[in-house]
Amino acid sequence: MSAEKKEYLLVDENGQGKPDKPWIFRTYAGHTNAKASNELYRKNLSKGQTGLSIAFDLPTQCGYSSDHEVSRPEIGKVGVPINSLEDFRILFDQIPIEEMNTSMTINGTSMWLLSLYVALAEERGVPLEKLNGTTQNDLIKEYLARGTYIYPPKESMKIIVDMYEYSLHKIPKWNPSNICSYHLQEAGATPVQELSFALATAIAVLDAIKERNCFTAEEFEQCVGRISFFVNAGIRFVEEMCKMRAFTEMWEEITTERYAVKTAKYRVFRYGVQVNSLGLTEEQPENNAWRILIESLGVTLSRNARCRALQLPAWNEALSLPRPWDQQWSLRLQQVLAYETDLLEYPDIFEGSKVIESKVKALKEEAKLEIQKIIDMGGALVAIENGYMKSQLVKSQTERLSKINSNELVIVGKNKWTDGIKSPLMTDSDGGIFKVDPKSAEQTLNVLAEAKTRRNAEAAKKSLEELKQAAKDGKNLMPFSIACAKALVTTGEWADALRDVYGEYNPPTGVDGQKLFLSDDKVSTVRGKVEAFTKANGHRPKIVVGKPGLDGHSNGAEMIAVSAKHSGFDVIYSGIRLSPEEIVQSAVEENANVIGLSILSGSHKEIVKQLFDELAHYKAKIPVVIGGIIPESDFEDLRAMGIREIFTPKDYDLMSIMNKIIDIITVEPVLV
Amino acid sequence: MIDTKESLSQLVSDALLGEKYPIAKIISKIETEKNLEFRESLFHELSLQKPDFKEGLTIGITGTPGAGKSSLLGELCRLFLEFAPDKKMAIVAIDPSSNVSGGSILGDRTRVTLPRRDIRLYFRSQPSQLELGGLNPYTYHVIRFLRRVFDYVFVETVGIGQNEISVSLISDLSFLVMQPLGGDQVQFMKSGIMEVPEAFIINKCDEESLANSSYYMLQSTLEFIKDILPNHTLPPIFKTSVTKRKGIEELLQYILHYEKRKDKNEETLTQLTQWIRNEYGRWGISIWEELESSKWNQAVKRNPLGGIHKLKYEEEERKIISSIQTKIK
């Protein structure tokens, strides 16, 4: 038999052809409320999906219950709202959690959600050893890119280590954290930055675990083996594949050299992938289908750089939430790739390629230098607190945008070949997009209210007090959180208890000292208008860039802040998660000439209304413009409320945006 | 635009009540170029509506970037609301401008979380407009206005060279904020600015032993220059930590109980001198000195130690402008 063994095929020990098992097919999903999401999951599983990837709504991610005032506009919008164990009971109804591989995209409140999962398992009599899955729990990327952090870096890291300690002993198949470079690429990271920032984060986590000194050497190795990664695959797919190979090699080196891990299987770089959403366009959105396919190739094509799990965005994600059909289409792509093609039958098809090898080498060398820089600085936590990593990302992002603006970076349908026939996919009665029924929040609120009345109030109070005391004493918080879960404590109550002890974190915005690399005619036109404004009014135009609500994707706001400064504006930008009241207060106190809002969560209508109410309170007539993922069907309502201009991902040209803004305030300068 | 006397008087009376938007509009107007006329009417109106010359205390806060000034101010605000329930405070935070586009990013609000709609606190950012000295050309007048409305006016500036200490010239009480063991002690001595601030803050004292060693280092450094300090006494040194919430209450109490006011005539003279030098150079100064009717002249001649009644800034400015224009003709 062995004589017939073919080098180019994967075979089993008997020499029979044996293709690789496919990766886990997931769909990042969750919306409206626990009941609707449960139905969606069961449908997806019946369609051949092999794992769950739960998307939580922003209040759940930020540690607020649905009945908190800041939650109201966001309930059920970008994921499922989870207030207490009651919601988990509904969410996993008729789903055998002991057979699932459940990934939870949750960070600031990951300990809480894992506690709920454990409480649910215990209630169902499922042995904890059977629980399989991942809590994302990468706070560093939250501080850098996504914004759903709650506590300061040190305390957040302490919570992560608590979860490692608990999981290793009680839920050995659980991945307590998942180092997530996905959002770094979304925030503009280059492959080198993705490599170095993610690995520096993993080093920070492992160093913290080592420092806790709660494991034997053997347990520590297992711990290293539990670290998984969540990576982004972009459109430059050859480079992306090399990035994945570099990741694997560097992780092998780090775990051997820095942590002396002896067991080979614990040194394996285990990772899941969601392909890039940043590059998806609102213009000619049907092109996104091809982009998604090509991006998938980078992480599936070669065996040495093949992901363990894959989730694909939908073709229409740049427009709004995808419909169930759109998600199904993405799932089908994975199935075609895995089951129809011969992809899984071969060993690594790029092994020995000079091009690939030297590209990997180059990436590794650069990334190593960068990691050393961060370690010399004091590690990833210090590089967060001093703003280094954030400012590097904002820099990369401005460079990327400058290149799109100058057409150096071609994006088909956006800055090249922009004329085309309108997509028939968009002509359905729903306009090709999905909207959450605003009334569905009632259901969530009812479940919450009922859970609160039904629970033993004394027991809930006691478990919260014990949690707080444990936090003050520096104990492992997992058992106390599970006790809270069983006592039907709510998400907001759990998070508040720890807010009391740890405080809330307010990181650097990364925009200080940033420069745009734009100096074309458009820039001089805008600067000319700014100078004219300054001359006429005696002072520079002043813009308040506001990022209201719980949506922490601040790239857009940061780019506008940097562009406005580049144009000669005085810019007030105070970071994310502001209330409309705070934004208006800034604009009023600063006597701003214009307010620019950035909202990506789909809550624009509610927030804009709150904002205009607040402006009315101060009798302030300040023009307001808005940017974000806003469907055209909402334009009219927003304009009726008083919004002067609406920018969507279509408006990628920063100087055109600034040009419109300066025109608005020049025609009608704010009366002083 | 503020065209009529009536609307200005309305604006001023609303501002005196602490209403944010009118205050904001007045500041913008002060920050506008060629605002002499507006200032004249504004301060005239203020003296009509608030004739008693009781003014707020001006507190200058300066120090190197990264010393944590804004976070410290944020914590001061929080405690202020708690410990001074019947007082009002304003903050003017000055950030650097871009030297390419002239624009700026004013990010200091990030560190100061203010309660909404509370008229007891007011925060205003100001771009430095590339002026040396860390102050904006209009800062002085903005502060002069704000201290009519607020009990306390904080001015925060970045920078720590000789030029960046101008803030102490226009404040009653100025602080230099440092980090523990910044290694800058020697630099301070060299640059000779140790004698300028009224008090020192070692911020970020999150760790006891480091804080103490920095405290003693600073103290011994100050001992060196004791002889040239006013009254030959060492200025107070505060150890603060925002994360540990330590020492800030003491700092606030010190500020709340600070009675001394600097001589406003001197302040006015300093500011006028600086303005003339900026606008007309030494030639301008020499013309001002020649001006017989100059209050400055009178002040210097008759009473070199001050003690005369308040100078009227705008009146003096107008005199200077007209005499300079005559000279030019």
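Rules used throughout
As a convention, each chain's residues are numbered from 1 in the sequence order in which they are written. Numbering of ligands from 1 and lettering of chains from A proceed in the order in which they are written. Restriction of local features to residues with pLDDT of at least 70 applies here, the model being predicted, together with a cutoff of 80 or more for giving and counting side-chain atom pairs; totals for whole chains, interfaces and linings are based on all residues. Calculated side-chain values reflect all of the structure's heavy atoms, with hydrogen atoms and water omitted. For every residue, the accessible area obtained with a 1.4 Å probe (protein chains only) is divided by the maximum for its type, and the residue is called buried under 20%, exposed over 50%, and partly exposed between those limits. We count a stretch as a helix when DSSP gives it H or I for four or more residues in a row; a strand needs E for two or more, and each element gets its number in order from the N terminus. Two strands are counted as paired when DSSP detects at least two bridges linking them. By definition in these notes, contact holds between two residues if any of their heavy atoms fall within 4.5 Å. A 1.4 Å probe defines the accessible area here, and the buried area is the portion of it lost by two parts on being joined, summed over both. What makes a salt bridge here is a side-chain nitrogen of Lys or Arg within 4 Å of a carboxyl oxygen of Asp or Glu, nothing more. Counting of polar contacts relies on pairs of N or O atoms within 3.5 Å, with two restrictions inside protein: one atom must be capable of donating a hydrogen and the other of accepting it, and residues adjacent in sequence are counted only when both atoms are side-chain atoms. Whenever a helix is involved, its axis is fitted only over the stretch in contact; in every case the axis is a line through C-alpha atoms, and angles between N-to-C directions fall within 0 to 180 degrees. Domains are outlined according to an automatic or database domain assignment. Note on disulfides: each one is a pair of cysteine sulfur atoms within 2.5 Å.

> Mind laying out the pairing of strand β9 (residues 270-275) of chain A, listing which residues take part and the relevant values?
Residue and element names in this part refer to chain A. Burial runs high along β9: 6 of the 6 residues are buried. Neither face of β9 is left uncovered, since the one carrying Arg270, Gly272 and Gln274 and the one carrying Tyr271, Val273 and Val275 both have all their residues buried. Inspection of the sheet shows strand β8 (residues 228-233) paired to β9 by 6 bridges, in the parallel sense. Considered in β9, the bridge of Ala233 is made with Val275.

> Tell me about the interface of chain A and chain B, and please be specific about residues and values.
Facing the 44 residues of chain A at the interface are 35 residues of chain B. Carbon and sulfur atoms supply 48% of the area buried between chain A and chain B, which totals about 3,300 Å² over both sides. Seen at the junction of chain A and chain B, the total is 3 salt bridges. The partner of Glu589 of chain A in a salt bridge is Lys20 of chain B, and the shortest N-O contact between them spans 2.6 Å. Our count for the chain A to chain B interface comes out at 13 residue pairs in polar contact (both at pLDDT 80 or more). Those elements giving two or more residues to the side of chain A that touches chain B turn out to be α20 (521-537), α21 (555-567), β12 (570-573), α22 (580-589) and α23 (604-617) of chain A. No other element matches α22 of chain A, which puts 6 residues into the side of chain A that touches chain B. In terms of strand pairing, β12 of chain A meets strand β3 (residues 104-106) of chain B through 3 bridges, oriented parallel. Note that in β3 of chain B the partner of Asp570 of chain A across the bridge is Ser104 of chain B.

> Give me the lowdown on helix α5 (residues 139-149) of chain B, citing residues and values where you can.
Buried residues dominate α5 of chain B, accounting for 11 of its 11 residues. Buried residues of α5 of chain B: Thr139, Tyr140, His141, Val142, Ile143, Arg144, Phe145, Leu146, Arg147, Arg148 and Val149 of chain B, and no others.

> Can you tell me about the side chain of Gln185 of chain A, naming the residues and giving the values?
Residue and element names in this part refer to chain A. Secondary-structure assignment places Gln185 in helix α7 (residues 182-186). Taking relative accessible area as the criterion, Gln185 reaches 9% and is therefore assigned buried. Of note is the side chain of Gln185, whose polar atom sits 2.6 Å from the side chain of Asn276. With residues near it in sequence (within four places) discarded, Gln185 still touches Glu194, Asn232, Ala233, Gly234, Glu240, Lys243, Asn276 and Leu278.

> Which residues make up the sheet that holds strand β15 (residues 643-647) of chain A, and what values go with them?
Here 6 strands make up an open sheet; going across it, the order is β15(A)-β14(A)-β13(A)-β11(A)-β12(A)-β3(B) and the pairing parallel. Each edge of the open sheet carries a strand with a single partner, namely β15 of chain A together with β3 of chain B. Within the sheet, the average angular offset between the axes of one strand and its neighbour, ignoring direction, is 25 degrees. Sheet topology places strand β13 (residues 594-599) of chain A next to strand β14 (residues 624-628) of chain A; 5 bridges connect them, and they run parallel.

> Can you lay out the sheet that holds strand β5 (residues 152-158) of chain B for me, pointing to particular residues and giving the numbers?
The pairing of strands in a sheet comes from backbone hydrogen bonds and takes either a parallel or an antiparallel form. Residues and elements named next belong to chain B. In spatial order, the strands read β4-β2-β5-β1-β6-β7-β8; together these 7 strands make up an open sheet with parallel pairing. Sheet topology places β4 (121-127) and β8 (237-239) at the edges, where each strand pairs with a single neighbour. Averaged over all pairs of adjacent strands, the angle between their axes in this sheet comes to 20 degrees, without regard to strand direction. Where α5 meets the sheet, it contacts β1 (57-63), β2 (89-95), β4 and β5, and its direction lies at approximately 160 degrees from that of β5.

> Outline the domain arrangement of chain A, supporting the account with residue identities and numerical values.
All names here are of chain A. According to the domain assignment, chain A consists of domain 1 (136-420) and domain 2 (520-666). Spacing between the C-alpha centres of domain 1 and domain 2 amounts to 32 Å. Facing the 23 residues of domain 1 at the interface are 16 residues of domain 2. For the domain 1 and domain 2 pair, buried surface summed over both sides reaches about 1,700 Å², with 53% attributable to carbon and sulfur atoms. Summed over the shared surface of domain 1 and domain 2, the number is 1 salt bridge.

> Give me the lowdown on the state of the cysteines, citing residues and values where you can.
Such a bond, covalent and formed between the sulfur atoms of two cysteines, is termed a disulfide. Residues and elements named next belong to chain A. A full pass over the atoms with the stated rule returns 0 disulfides over all chains. The cysteine Cys180 is free of any disulfide, with Cys307 supplying the nearest cysteine sulfur at 14 Å. Just so you know, Cys223 is unpaired, no disulfide at all, and the nearest cysteine sulfur is the one on Cys214, 6.9 Å from it.

> Can you explain unusual backbone geometry? Please cite residues and give values.
All names here are of chain A. The residue Asn213 is not glycine, and still its phi comes out positive at about 60 degrees. Phi is positive for Asn407, close to 65 degrees, though the residue is something other than glycine. Of note, Asn407 is situated in the loop between α15 (388-405) and α16 (440-454).

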